Amino acid sequence: MVETATPSPAPKAPATNKLNLTLADYKGSPSTLCDGCGHDAITSQIIKAFWELSIEPHQVAKLSGIGCSSKTPAYFLSRAHGFNSVHGRMPSVATGTHMANHKLITIGVSGDGDTASIGLGQFGHLIRRNIPMVYIVENNGVYGLTKGQFSATADVGSTLKDGTVNRQSAIDLCGLAIELGCGFVARSFAGDPKQLVALIKAALAHEGTAVLDVISPCVTFNNHEGSTKSYKHAKEMDRPLHELGFIPFYEQITVDYEPGTVQDVEMHDGSHLRLKKLGHDYDPTDRFAADRAIHQSHKDGTLLTGLLFHDKDLPSWTQLNNLVDQPLSRLSQEQLRPKKEVLDEIMKSLT
Amino acid sequence: MKTLARDSKDMTEDKKLIVNDFSIHVATVNGSGSQSSNTVLLRSIFQMGIPVSGKNLFPSNIMGLPTWFTIRVNKDGYIARKKEVDILVAMNPQTAIEDVKELRPGTVCVSPIELNLDKIRDDVKHYQVPFGELASQATDNVKLKKLVTNIIYVGVVAELLEIDQAEIDRAIEAQFEGKQKAIDLNKKAAMIGREWAKENLKKADPYKVERLDLTKGKIIIDGNQAAAIGCMMAGVSAVTWYPITPSSSLCEYLIDYLHKYRVDKDGKNTFAVVQAEDELAAVGMAIGAGWAGARSMTSTSGPGISLMSEFCGFAYFTEIPVVIFDVQRVGPSTGLPTRTSQADLLSTYFLSHGDTKHVVLLPNSVGECYEFAMAAFDLAERLQQPVFVLTDLDIGMNNWMSDPFVYPEKPFDRGKVLNAEQLEKAGGFARYKDVDGDGIAYRTLPGTEHPKAGYFVRGSGHNENAAYSERPEDYVKLMDRLLKKLETAKQYVPQPVIEQNKDAKVGILAFGSTHWAIEETRDQLSREAKLPTSYCRVRSLPFTDGVQKFVEDHDHVYVVEQNRDGQMLDLLRLEMPQLATKLRSVKHYNGLPVDAESITTQILEQEKNV
């Protein structure tokens, strides 16, 4: 008797995106951060956003400064070129990278120490130049890598583990970014993956500097009672401005909502960020309203999350600099070295 | 005896004429427009075929402080600064008395009559000129009167020295190109000065020019402009900078040239420029651009170099090409920001924390500013590391005569860069692996269309695969390979220029702008002290074998440099300790470009003590 083996069901192939790549293709090396670190939650959403948008990993440049947050580019998109630069200076390296190759999709990951203290100057000037890139601040209110000193985003009254109270005012990076003229400013929380992934996608679709300040609790040094950047505190005080959905440019926009309950914000590439109202009216294209809402949240001690401000009309550095379409890094000697007649002409003018 | 101008003693009495060999020192107030007039004077002599050089000794100020311009005319082609003043044009009332007091007897002094400088000294030859009155003849415009005064002294000096009026006119046309009104006014004013001098001054000094044929085909240019041309011809595509004297004009010239000559047929730029918020950002951008595959550069001076220190160590350790110009000035801190120096040598060679040694190029001339700018981009990409070009204020901002620059025949060296096809064939790559045994690994550029192209740059310890590593053996391997690269660099950097004199037991070693005084010093030593010398001009760091051999071949070697501590001497002692006792130091560090006489005197003094 011939036994015929019952064919075992083929293992279920992992889901792929439009490039036929799996989610695993967008991962990096294993994280070496503490278990439960907010940064790892953000890394997961970065991976998810790039995968779902079917972005070619080799077209991405991922950069960072120094600190726990700045280690994370090693943990996503291992096929992309990565650059862990010097403390607080990632914006300049990102600017140079963009100058050399404006076709790259640039994402920078920084922390509150890296951005709000040593890197405040470069952060400001990056925004002023409006270099197209996603700039994520993984904000936990402390210096994790040097064992828990206050950072400049620590709230007044917040305490360290040993009970030391912060008396100095906090720098609100979103408020500052709006003041500096940033065209895309959002805040989120590592504990709200749905909101976070939608905002990362929208930031990727924005042609200009997109600042995303994400409260990302430090489980080791700043997750205690008395901290205003703990999971518990953030969860309790989180006040989302709206419920978010991201509709990429290649998908049909459907209208299945009550008029007046939803606002679609159009991104440069034709994608939309759909804002579903939650109780109150908020217009993210109104700079004054954004400023007021942020100040009000300081007063109330709440964590205001969502798309705080968006200005689609702000020209990017690239639009203003009249570059050839080809990346400068790809230009040939024929394109880069002027002909002999040019040197002759210059020499003649000097005789 | 009265010492009025026209009656003062005739200085030519018992002297022969001195033709084409003197220096003119023009003292003015900065911001008064004297720079244009001085350039006209310089160019008109140059156009007569006579070797000439000009140095601007200016204050760190925009308007109102004293400034001096020296023009050296020399038939033998010596173009270093000359210490002595032969002709003073004392236009600045603030400094006139001091300026005149310092003159040697017999010097010529052209001055406004109302300064009454003849009352200060009667042993110099005064030519006193009613500049105010003459300016009124040239223009009714009160604002312009001050400016035309400067061109009037050019007219007076032209008459005294017998500079052709046609050459003055031509120089004015070149100086004010495209501004017909300015050309007309300046020509008129120069002529008023000349005519007045002809009618009212009795030539009573020995100095004059005579047409030669030694500048035909030559150009006049400053080093910053020359370096800018070099950068453009090298195909620079990312320029990131922060203004600082004396380097600002390098990037300013470069940006102008790029906008003129590096726009494609569709009107699009083949370059990008950012004026950064500080030097830290400037070099960070240049490094980012170098990593991503552009030919990137920044330009600065000493204080900026200090600020770039951390990033330069990073780029050295992570092996990213970038070109950095340092147009040296006197420091530390602001120091004397408008004076020249060679005191950044050590700080640049070792720039940053940890073990670092950089490749440093040391041009001596405007020609080498052009050539080394091009070489620097090739070196940076070949070696994958920062390459510094150290010039100084004297080369960078002063006018130098030069042969025209030669169009580069050598194609770009873009170094070891793998594309997608090569990656596919090789099945991947290890970013920091020494495949070829020269210490230089292969790199890929961001955006390369291959799943194995990506790698991670980190300032922390890493292994051959660019993965994080704190293993002691990985670190040692990496550091040793970086040192090997420096060894490899020796075959690519500009070699020293050595003039071996078989009769010489004494050698002179110098670098950069000091060269011009050395040429003259060697002639002085041989002529006046019968001391033949050999000469080694170091053109780069690290030292190549030729430098050591030169020291070995001589009884002793004078290391001549423009800094207080003898930085080149220190470096030679450090790298060739067995030869340390052969080395002697000659230093000049007062902020003025070094002159031959200062060097000759110091060498002869030390020779006495042998």
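By convention here, each chain's residues receive numbers from 1 onward along its written sequence. Throughout, the order in which chains and ligands are written sets their labels, letters from A for the former and numbers from 1 for the latter. Reporting of local features is limited, given that this is a predicted model, to residues whose pLDDT is at least 70; pairs of side-chain atoms are given and counted only at 80 or more, and all residues count toward the totals for whole chains, interfaces and linings. Computation of side-chain values covers all heavy atoms of the structure but excludes hydrogens and water.

**Digging into the overall build of chain B**
Alright, step 1. Only DSSP runs of H or I with at least four residues qualify as helices, and only runs of E with at least two residues qualify as strands; both kinds are numbered from the N terminus onward. Across its full length, chain B holds 20 helices and 24 strands.
Alright, step 2. The quantity called the radius of gyration is restricted to C-alpha atoms. Its globule counterpart is 2.2 Å times the number of residues to the power 0.38. Expected size for 610 residues packed as a compact globule is a radius of gyration near 25 Å; at 27 Å, chain B falls within 12% of this value.
Alright, step 3. Along the three orthogonal principal directions, the C-alpha set of chain B runs to about 90 × 65 × 40 Å.
Alright, step 4. Note on classification: 1.4 Å probe, protein chains only; a residue is buried when its accessible area is under 20% of the maximum for its type, exposed when over 50%, partly exposed between these limits. For chain B, the residues scored as buried account for 62% of the 610 residues in total.
Alright, step 5. When checking whether two residues touch, look at their non-hydrogen atoms; a contact exists if any pair is within 4.5 Å. The long-range fraction of contacts in chain B, counting pairs at least 24 apart against all pairs at least 6 apart in sequence, stands at 75%.

**Some remarks on the interface of chain A and chain B**
Alright, step 1. Tallying the contact residues gives 53 residues for chain A and 73 residues for chain B.
Alright, step 2. As used here, buried area is the combined drop in accessible area, with a 1.4 Å probe, of two parts when they are placed together. Here chain A packs against chain B, burying approximately 5200 Å² in sum over the two surfaces, 64% of which is carbon and sulfur.
Alright, step 3. Just to be clear on terms, a salt bridge is a Lys or Arg side-chain nitrogen sitting within 4 Å of an Asp or Glu carboxyl oxygen. Our count for the contact surface shared by chain A and chain B stands at two salt bridges.
Alright, step 4. Between Lys260 of chain B and Glu345 of chain A there is a salt bridge, with the nearest N and O atoms lying 3.9 Å from each other.
Alright, step 5. Throughout this description, a polar contact denotes any pair of N or O atoms lying within 3.5 Å of each other; where both atoms belong to protein, one of them has to be capable of donating a hydrogen while the other can accept it, and for residues adjacent in sequence the pair is counted only when both atoms sit in side chains. Linking chain A with chain B are 22 residue pairs in polar contact (both at pLDDT 80 or more), by the criterion used here.
Alright, step 6. When residues of the side of chain A that touches chain B are traced back to their parent elements, those giving at least two are strand 1 (60-64), strand 2 (81-84), helix 3 (90-100), helix 5 (120-129), helix 11 (333-336) and helix 12 (340-349) of chain A.
Alright, step 7. Only Asp, Glu, Lys and Arg are considered charged in this grouping, and only Ala, Val, Leu, Ile, Met, Phe, Trp, Tyr, Cys and Pro are considered nonpolar; every other residue, Gly among them, is considered polar. Here the residues of the side of chain A that touches chain B are counted per class, giving 23 nonpolar, 21 polar and nine charged.

**Quick look at the packing of helix 9 (residues 279-291) of chain B against helix 11 (residues 309-318) of chain B**
Residues and elements named next belong to chain B.
Alright, step 1. Only C-alpha atoms enter the line fits that serve as axes; for helices the fit covers just the stretch in contact. Angles between N-to-C directions range over 0 to 180 degrees. Where helix 9 contacts helix 11, the two axes come as close as 9 Å, and the packing angle between them is 15°. What the angle tells us is that helix 9 and helix 11 run roughly parallel. Crossing handedness for the pair helix 9 and helix 11: left-handed. Judged by residue contacts, Leu280, Val283, Gly284 and Ile287 of helix 9 engage Phe311, Cys312 and Ala315 from helix 11. Roughly parallel means an angle under 35 degrees; roughly antiparallel, over 145; roughly perpendicular, 65 to 115; everything else is oblique. Handedness of a crossing is defined here by the sense of rotation of the near helix relative to the far one, left-handed for an anticlockwise turn of less than a right angle and right-handed for a clockwise turn.

**Some words on the domain arrangement of chain B**
All names here are of chain B.
Alright, step 1. By convention here, the domain bounds are inherited from an automatic or database domain assignment. If you check the domain split of chain B, you get domain 1 (5-208), domain 2 (221-402), domain 3 (420-489) and domain 4 (497-608).
Alright, step 2. Its C-alpha centre places domain 1 at a distance of 36 Å from the equivalent point of domain 4.
Alright, step 3. At the interface, nine residues of domain 1 touch 14 residues of domain 4.
Alright, step 4. Taking both partners together, domain 1 and domain 4 bury about 950 Å²; carbon and sulfur atoms supply 53% of that area.
Alright, step 5. Along the contact surface separating domain 1 from domain 4 lie two salt bridges.
Alright, step 6. One salt bridge in this structure joins Asp595 and Arg81, with 3.4 Å as the shortest N-O distance.
Alright, step 7. Our enumeration of links across domain 1 and domain 4 arrives at five residue pairs in polar contact (both at pLDDT 80 or more).
Alright, step 8. Of the residues that constitute the side of domain 1 that touches domain 4, the class distribution is four nonpolar, no polar and five charged.

**As for the side chain of Thr348 of chain B**
Alright, step 1. Secondary-structure assignment places Thr348 of chain B in helix 12 (residues 345-349).
Alright, step 2. Those residues in contact with Thr348 of chain B that lie beyond four places of it in its chain are Ile305, Asp326, His358, Val360, Phe388 and Leu390 of chain B.

**Here's the deal with unusual backbone geometry**
Alright, step 1. Residue Pro246 of chain B is reached from Thr245 of chain B by a cis peptide bond, and omega for that bond is 5°.
Alright, step 2. Counting through the fold element by element, Pro246 of chain B comes out in the loop between strand 10 (238-241) and helix 8 (248-261).
Alright, step 3. Here the amide bond leading from Gly331 of chain B into Pro332 of chain B is cis, since omega sits at 5°, within 30 degrees of zero.
Alright, step 4. Of note, Pro332 of chain B is situated in the loop between strand 13 (322-330) and strand 14 (336-340).
Alright, step 5. Positioned with a positive phi, Asn20 of chain A is a non-glycine residue whose angle comes to about 65°.

**Side note on the sheet that holds strand 18 (residues 456-458) of chain B**
Alright, step 1. When DSSP finds two or more bridges between a pair of strands, those strands are recorded as paired. On the basis of which strands lie adjacent, the open sheet formed by nine strands has the order 9(A)-13(A)-7(A)-8(A)-4(A)-3(A)-1(A)-2(A)-18(B) and mixed pairing. Looking along the sheet, the strands with just one partner apiece sit at the ends: strand 9 (238-240) of chain A together with strand 18 of chain B. On average, each strand axis in the sheet is tilted by 20° relative to the strand beside it, whichever way the strands run.
Alright, step 2. Bridge analysis of strand 4 (residues 133-139) of chain A against strand 8 (residues 209-215) of chain A gives seven bridges, and the strand direction is parallel. Note on strand 8 of chain A: the bridge partner recorded for Asn139 of chain A is Ile215 of chain A.
Alright, step 3. Sheet strands in contact with helix 9 (residues 287-300) of chain A are strand 7 (184-189) and strand 13 (303-310) of chain A, and its direction is about 165° off that of strand 13 of chain A.

**Quick look at the pattern of salt bridges**
All names here are of chain A.
Alright, step 1. Within this structure, the stated rule accounts for 57 salt bridges over all chains.
Alright, step 2. The partner of Arg274 in a salt bridge is Asp264, with the nearest N and O atoms 2.9 Å apart. With Arg274 in strand 12 (residues 272-277) and Asp264 in strand 11 (residues 262-266), this pair connects stretches of sequence that are 10 residues apart.
Alright, step 3. Arg274 sits in the buried class, given a relative accessible area of 13%.
Alright, step 4. By relative accessible area, which is 28% here, Asp264 ends up partly exposed.
Alright, step 5. Asp281 is the salt-bridge partner of Lys277, the closest N and O atoms lying 3.1 Å from each other.
Alright, step 6. On the accessibility criterion, Lys277 (34% relative accessible area) is partly exposed.
Alright, step 7. A residue is classified by how much of its surface remains accessible, and Asp281, at 64% relative accessible area, is exposed.

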